[in-house]
Amino acid sequence: MPIVRTIGRPLLASMFIAGGWDAVRRPESKVGAAKKVVSPLPVDADTKALVRLNGAVQVTAGSLLAVGRAPRLSAAALAGSLVPTTLAGHRFWEEKDESARAGQRVHFLKNLAMLGGLVLELGDSGTRRHRSTRRRRSKSTVRSRGGKR
């Protein structure tokens, strides 16, 4: 794995692991904000349990991303968990106090930046060696089936 991924994945994953662990251990602090996102949904679910589940997804997928296991699947799970987390926790447009609004806007934009990193990970097709191996396999497959090179 190239050094950029070796360093970048754990850095990206760190916020998810820390925030997810906090949600698993202390979901009560996030239930009020989460209700704003959960209440319009046509499901009858315990908001506290959903906060814990979201936290568990973040810890698990973040850990997998950090060590480079199933990175695209992990990035997809983290992106899916980040959207409701951001919409629930950083509703800057509802803040009346300018200072609080500015702080929430920064957190909202930070989450958008993390989402951008996850999208880049989703679009990553692997190392150069992996791509060239795949290319060689496809050429040899064509040859073995009698096709032209």
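These remarks concern the structure in this document. (Residues numbered from 1 in each chain as written. Predicted model: local features only at pLDDT ≥ 70, side-chain atom pairs only at ≥ 80, totals over all residues. Heavy atoms only, no water.)

## What about the environment of Leu122?
- Within the element layout of this structure, Leu122 appears in helix H5 (residues 98-123).
- Take Leu122: its relative accessible area is 29%, and that puts it in the partly exposed class.
- Sequence separation between Leu122 and Arg72 is 50 residues; the distance between their C-alpha atoms is 5.0 Å.
- When near neighbours in sequence (up to four residues on either side) are disregarded, Leu122 contacts Arg72, Ala75 and Ala76. (Helix = DSSP H or I, 4+ residues; strand = E, 2+ residues; numbered from the N terminus. Buried < 20%, exposed > 50% of the residue type's maximum accessible area, 1.4 Å probe, protein only. Contact = heavy atoms within 4.5 Å.)

## Describing the nonpolar core
- Leu12, Ala13, Phe16, Ala61, Leu65, Ala75, Leu78, Ala79, Leu82, Met114 and Leu118 together form the largest nonpolar core, which totals 11 residues.
- Within the residue set of this core, elements represented by two or more residues are helix H1 (3-25), helix H3 (47-67), helix H4 (71-89) and H5.
- Looking at which element gives the most residues to this core, the answer is H4, with four residues.
- Apart from the residues within four sequence positions on either side, Leu65 is in contact with Arg9, Leu12, Ala13, Pro71, Ser74, Leu78, Leu118 and Glu121. (Core = buried A, V, L, I, M, F, W, Y, C linked by side-chain atoms within 4.5 Å.)

## Here's the deal with the pattern of salt bridges
- Here the structure, examined in full by the defined rule, presents nine salt bridges.
- The partner of Arg9 in a salt bridge is Asp124, and the shortest N-O contact between them spans 4.0 Å. Linking Arg9 in helix H1 with Asp124 in the loop between H5 and helix H6 (128-144), this pair joins segments that are 115 residues apart in sequence. For the residue pair Arg9 and Asp124, the accessibility class agrees, reading buried in each case.
- Between Lys48 and Glu28 there is a salt bridge, and its shortest N-O distance comes to 3.1 Å. Highlighted residues: Lys48 in helix H3 and Glu28 in helix H2 (residues 28-38), separated in sequence by 20 residues.
- On the accessibility criterion, Lys48 (31% relative accessible area) is partly exposed. (Salt bridge = Lys/Arg side-chain N within 4 Å of Asp/Glu carboxyl O.)

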